[in-house]
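Below are the chains, spelled out letter by letter.
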Amino acid sequence: MLSPSSGWGLGCLWLRQLRVWAGAGRWACGTCQARPYSSSRGERWPESEAEVPPPGPARRTLKEWTLLSQNLHVQTKGGKVICLGTVYGNTDIHASDKSIVMVDKLQGSSVNISTEDGLLRAKYLYTESSLLSSAAGDITLGSVHGNITLQSKMGNITVDSSSGCLKASTHQGAIDVYVSQLGKVELGSHKGSVIIKVPSSLQAHLQLSGKEVDVNSEVHVQEMAEARKDDGVTITGLMNQASKNEKWIKADAPKGTVSFRRQSWFQSLKLQN
């Protein structure tokens with residue numbers, strides 16, 4: 001067993017399965033098979049078991065660690081889930097009440113993260129399949145890769161860079177997405193607006209519907225057509241001779257505005273002075 005300490009520092013923790021339950025800022029964890037080692041100290045404990053101790057002064061914290069696990073399950077009510085390093089493996093995080101989830105980097109086959117009234121933020125996401133949802137909190141993502149589904153009822157959805165298939169929907173919030181490399185993209189906000197930014201070289205079939213649709217003049221769209229019906233408008237067209245069956249961007253904002261703009265990859269980095 002690992003001796004209690006105030007923090008684990010830098011290093012790497014290999015896990016076959018880890019389950020964590022957290023209250024309002026308090027961590028408790030069931031036992032799990034583990035093979036941890038510290039990259040900073042060169043120590044290793046083969047065939048050992050690791051557990052996060054119950055609340056108290058000897059409680060350990062996972063801080064600035066690289067966590068490698070087949071399955072990671074985290075539940076919290078009123079607390080915070082913060083991953084400062086990289087988590088490898090299938091990840092399942094459920095944060096209820098006003099709990100927030102903030103992750104630097106997730107990489108695995110399957111990622112499922114949900115919050116109720118708290119922020120959900122991830123800087124990097126590399127997965128085959130991901131579902132991220134929030135009832136009232138915002139979903140804010142950096143660079144995402146793979147098949148990603150985002151759902152929110154009241155919150156806003158922001159994606160700095162999407163490479164792959166993306167499906168995002170919100171009932172009252174706004175959606176702001178930069179599409180760097182396209183698979184299939186479907187965006188929808190029932191009462192809010194949708195902003196889509198793309199590089200000039202992107203190949204895409206467009207279908208943009210909203211109370212208003214604004215296609216920036218810097219974006220060159222071929223075969224563009226406009227159709228008006230009731231209180232809305234739909235614009236279709238092609239970017240860079242894209243196939244109508246393979247790569248497309250669909251956006252729908254029946255009570256808001258769909259804006260389609262050009263943006264370079266460099267601009268998407270949002271560099272600070």
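Source: prediction; values computed, not measured.

Trainee: Is there a simple way to explain the overall build of the chain in this structure?
Mentor: Each helix and strand counted, the chain has 1 helix and 16 strands in total. In the chain, which comprises 273 residues, the share counted as buried stands at 44%. Sequence separation of 24 or more characterises 35% of the internal contacts of the chain that already satisfy a separation of 6 or more.

Trainee: Just checking my understanding: could you explain the pattern of salt bridges for this structure?
Mentor: Two side chains with opposite charge may pair up if their charged atoms get near one another. As enumerated under the stated definition, the model contains 5 salt bridges in all. Between R228 and E226 there is a salt bridge; the shortest N-O distance is 3.1 Å. What makes R228 exposed here is its relative accessible area of 65%.

Trainee: Can you walk me through the nonpolar core in this structure?
Mentor: One broad trend across soluble globular proteins is that nonpolar side chains are buried collectively. Ranked by internal contacts, the top residues of the largest apolar core, which has 49 residues, are L150, L187, I196, I249 and F260. In terms of residue count, the dominant contributor to this core is strand 11 (residues 175-189) (6 residues). Apart from the residues within four sequence positions on either side, L150 is in contact with L132, I139, L141, I157, V159, L166, K167, A168 and S169.

Trainee: Would you mind showing me how to read the confidence of the model for the chain here?
Mentor: The predicted coordinates of low-pLDDT regions are not to be read in fine detail. Within the chain, residue pLDDT values average 78, and 70% of them lie at 70 or more. Under a pLDDT of 50 for its full length, residues 1-16 has, in the predicted model, 63 contacts with residues more than four places off or in other chains. Of the regions scoring below 50 in pLDDT, residues 25-64 engages in 99 contacts with residues more than four places distant in sequence or in other chains.

Trainee: Explain the pairing of strand 8 (residues 120-134) to me, please; I cannot follow it from the model alone.
Mentor: Two faces make up the sheet, and in a regular strand the side chains alternate between them. For strand 7 (residues 100-115) and strand 8, the ladder comprises 13 bridges, and the chain directions are parallel. The residue of strand 8 that forms the bridge with I113 is L132. Of the pairings in the sheet, the one linking strand 8 to strand 9 (residues 139-152) comprises 12 bridges and is parallel in character. Paired with S130 across the strands is I148, a residue of strand 9.

Trainee: Please explain the environment of L72 as it appears in this structure.
Mentor: Inspection of the secondary structure assignment puts L72 in strand 5 (residues 65-77). Residues L72 and G89, 17 residues apart in the sequence, show an inter-C-alpha distance of 7.1 Å.

Trainee: Honestly, the environment of E186 in this entry has me stumped. Any pointers?
Mentor: Looking at the element boundaries, E186 is found in strand 11. The spatial distance from the C-alpha of E186 to the C-alpha of A168 is 6.4 Å, given a sequence separation of 18 residues. When residues no more than four places from it in sequence are discounted, the contact partners of E186 are L166, K167, A168, W248 and K250.

Trainee: Explanation requested: the environment of D104 in the structure shown.
Mentor: Its location among the elements puts D104 in strand 7. Residues D104 and I82, 22 residues apart in the sequence, show an inter-C-alpha distance of 8.3 Å. Setting aside its immediate chain neighbours within four residues, D104 contacts C83, L84, G85, K123 and Y124.

Definitions and limits used
Residues numbered from 1 in each chain as written. Predicted model: local features only at pLDDT ≥ 70, side-chain atom pairs only at ≥ 80, totals over all residues. Heavy atoms only, no water. Helix = DSSP H or I, 4+ residues; strand = E, 2+ residues; numbered from the N terminus. Buried < 20%, exposed > 50% of the residue type's maximum accessible area, 1.4 Å probe, protein only. Contact = heavy atoms within 4.5 Å. Salt bridge = Lys/Arg side-chain N within 4 Å of Asp/Glu carboxyl O. Core = buried A, V, L, I, M, F, W, Y, C linked by side-chain atoms within 4.5 Å. pLDDT = per-residue confidence, 0-100. Pairing = 2+ DSSP bridges.

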